[in-house]
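Fold and geometry: a report
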Amino acid sequence: MGTLQHSAVDWAYHAQRSVKASLGTKRGTFWPRGRTLGGSGAINAMAYLRGNRRDYDRWQALGNDGWGWSDVLEQFKKSENMNVPELLRGVRGTDEYHRTGGYLNVEQLDDADPVFEILAAAAGELGYEWLPDFNRDRHIGYGRSQYTMIGGTRCSPAKAFLSPIRERANLHVIKHTMALKLELNGQNVATGVRFQIEGYQPMSIRARKEVIVAAGSINTPQLLMLSGIGRKPELQRFGITPRVELNVGGNLQDHVAIPLFYQFHALPGEPADEPLALVDSLYEFTVRNRSAAVRFYRDIGLMAFYNTLNASDPWPDVQIMNIVIPPGDAYGKLVVANFEYTKPIADSIREAIEQTTVLHSHIIVLNPKSRGHIRLAGADPFAQPVIEANYLDHVDDLRTLVRGIRKQQELLKTAAFRAAEVELVAVNIPGCDHLPYDSDGYWECYVRYMTFTTYHPVGTAKMGPDGDVDAVVDSRLRVRGVGRLRVIDASIMPLLVSGNTNAPTMMIAEMGSDFIKQEYA
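A short tour of the structure in this document, coming up. (Residues numbered from 1 in each chain as written. Predicted model: local features only at pLDDT ≥ 70, side-chain atom pairs only at ≥ 80, totals over all residues. Heavy atoms only, no water.)

**Structural notes on the state of the cysteines**
For the structure shown, the criterion picks out one disulfide. Residue pairing for cysteine 432: its cysteine sulfur links by disulfide to cysteine 445, the two sulfurs lying 2.0 Å apart. Taking the torsion about the S-S bond as the criterion, the cysteine 432 to cysteine 445 disulfide, at about -90°, is left-handed. Of this pair, cysteine 432 sits in the loop between strand S20 (422–424) and helix H12 (440–450) while cysteine 445 sits in helix H12, placing them 13 residues apart in sequence. In terms of burial, cysteine 432 and cysteine 445 fall into one category: buried. (Disulfide = S-S within 2.5 Å. Helix = DSSP H or I, 4+ residues; strand = E, 2+ residues; numbered from the N terminus. Buried < 20%, exposed > 50% of the residue type's maximum accessible area, 1.4 Å probe, protein only.)

**Observations regarding empty space enclosed by the protein**
This model, assessed by the stated rule, comprises four cavities of 30 Å³ or more. One number sums up the size of the largest cavity: a volume of about 80 Å³. Of the residues contributing to the lining of the largest cavity, the split by class is seven nonpolar, three polar and two charged. (1 Å grid on protein atoms, 1.4 Å probe; cavity = no way out; pocket = protein on both sides within 12 Å on 5 of 7 lines; lining within 4 Å. Points joined across faces, edges and corners; volume = space filled by probe spheres on them. Nonpolar A, V, L, I, M, F, W, Y, C, P; charged D, E, K, R; others polar.)

**Re the pairing of strand S15 (residues 298–306)**
Summarising burial for S15: nine of the nine residues are buried, a large majority. Looking at chain direction, strand S5 (residues 141–144) and S15 are connected through four bridges and run antiparallel. Across the sheet, the residue bridging to glycine 143 is methionine 303, located in S15. Across six bridges, the pairing between S15 and strand S16 (residues 318–325) is antiparallel. Across the sheet, residue tyrosine 306 finds its bridge partner in S16, namely valine 318. (Pairing = 2+ DSSP bridges.)

**So, the environment of arginine 478**
Mapped onto the fold, arginine 478 is located in the loop between strand S21 (452–453) and strand S22 (485–487). Through-space distance from the C-alpha of arginine 478 to that of isoleucine 212 is 9.2 Å; in sequence the pair is 266 residues apart. In this view, arginine 478 contacts Val472, Val473, Leu485, Arg486 and Glu519; residues no more than four positions away in its chain are not counted. (Contact = heavy atoms within 4.5 Å.)

**A short note on helix H1 (residues 53–61)**
Because an α-helix completes one turn every 3.6 residues, residues spaced three or four positions apart along the sequence face the same direction. Listed in full, the buried residues belonging to H1 are Asp55, Tyr56 and Trp59. Buried positions in H1, seen along its axis, are confined to an arc of 85° and lie on one side of it. Against helix H2 (69–79) and helix H13 (502–520) lie the buried residues of H1. The backbone nitrogen of arginine 54 has a side-chain oxygen 3.1 Å away, supplied by the residue at the start of H1, namely asparagine 52. With its phi angle positive at about 110°, glycine 63 sits one or two positions after the end of H1. (Arc of directions from axis to C-beta. Polar contact = N/O pair within 3.5 Å; in protein donor to acceptor, adjacent residues only side chain to side chain.)

**A few points about the pattern of salt bridges**
A side chain with one charge may pair with a side chain of the opposite charge, provided their charged atoms come close. Under the definition given, this model contains 26 salt bridges. As a salt-bridge pair, glutamate 234 and arginine 231 come within 2.9 Å of each other at their nearest N and O atoms. Connected through salt bridges with shared partners, the residues Glu210, Asp474, Arg478, Arg486 and Glu519 form a single ionic network. (Salt bridge = Lys/Arg side-chain N within 4 Å of Asp/Glu carboxyl O.)

**Some remarks on the sheet that holds strand S10 (residues 203–206)**
Across the sheet, three strands lie side by side as S8-S9-S10; this open sheet has antiparallel pairing. On the outer flanks of this sheet lie strand S8 (177–184) and S10, each paired with one strand and no other. Sheet twist, expressed as the mean angle between neighbouring strand axes with direction ignored, is 30°. Alignment of S8 against strand S9 (residues 190–197), held across seven bridges, turns out to be antiparallel. When the sheet's bridge partners are listed, methionine 178 is paired in S9 with glutamine 196. (Axes fitted to C-alpha atoms, helices over the stretch in contact; angles between N-to-C directions.)

**Description of unusual backbone geometry**
At histidine 176, a position not held by glycine, the phi torsion is positive, near 55°. Its place among the elements puts histidine 176 in the loop between helix H4 (157–162) and S8. Phi is positive for asparagine 390, which is not a glycine, with a value near 55°. For asparagine 390, a relative accessible area of 30% gives the class partly exposed.

The following block contains the structure:
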């Protein structure tokens, strides 16, 4: 994941600088987005989490009929090939929550890492429930997550859904191509798409039935606005003729997060000869065992979900992802560089990595109250859109992250962490030096400086009923006021789900494909 960021397959966006968040970054929060077949699912961390029942029942309560938990669960199962037999409790490869036989392979990472055992033991000491499957009906506690993998390889959406049908006569994929605008007739019916293949002049293709926009939560609103669908003043500002006025680009939500870094002083380990170790690992993978993943910076597959306000509440407000960085690990230092922190912050984290094994705990606000916008930078389709993340615009998001830090600090009191001689890395944040360490004021400052994304932007073409003035699409994903045009991607989410957005986005695609088949059957 880290090496794919800032590469040719990454749009490499940046959110606008803010006076409230990401103060410790050089250019504002870095937002990688997949620029390849499979989209962001081809460059992400592959976590397969659905969220929970409450998330989707909330969508339905907002007026989106057919999007409640019982509806979406069947669509999640439709895609899935659950390749962890112990998680299937039914017979013949299916149960209430999982199935086999779908295109999307789902597995678990191995747990052969000493930090996994230490962290699991510490969680047990603190009384947290061990959850073998976050995709069932219990969500507070620690457990092993699931991932879209096949043995030691990524199972991206392209590998899962496109590769098996690549020879179909009704599928034609044009790569190295930029969509410039949607073509609408005088009755605001989508008739086709204007696009440009790299190195060629722009051209158009006509649609016999519908145009489907699935460009993601940044590029979908950009393309709609370039086509005259959006907020009238913004379109007119850049000389774009307004066709349909909708709140395109509004309602932007993301899982805002901060890192905590722990040093494990008692764990043995010297900096590895990484080039030699990588060659050895690649040889093992290609020649002997393709189920063995080639990785050093390790997502250990151990996640946690807390409710930081009420321990008895069944619905979490914070998620923790845990990644281990071996001593001296160059890839770990690359990932730190991808955060784009300023030199004092980055140097203090790199120094810790040079000395010991480091655990990076990624603390995530699951249901943020802050809302941002995607705006046009101009009428040029090749100009990157303006991303206003508005992280921590609502003070509750700041408070949730501080409570999440306090929850994580409880691990330091356990016998498991004390035996491993664990301590928090003292990150050098000059802007927080004036505050007493470990005070709430210090941690609020820490949060404002260290804020970054969990790569989960959603909501910029919001799904909603007729009375929702912010809705861009209806519950069958049709763009309001435009004929024969749908949006089928994460931008339609009215509210963020309580977990990674990889699986929910593919569920939305399953729903959308059913809507299309039902309409043209």
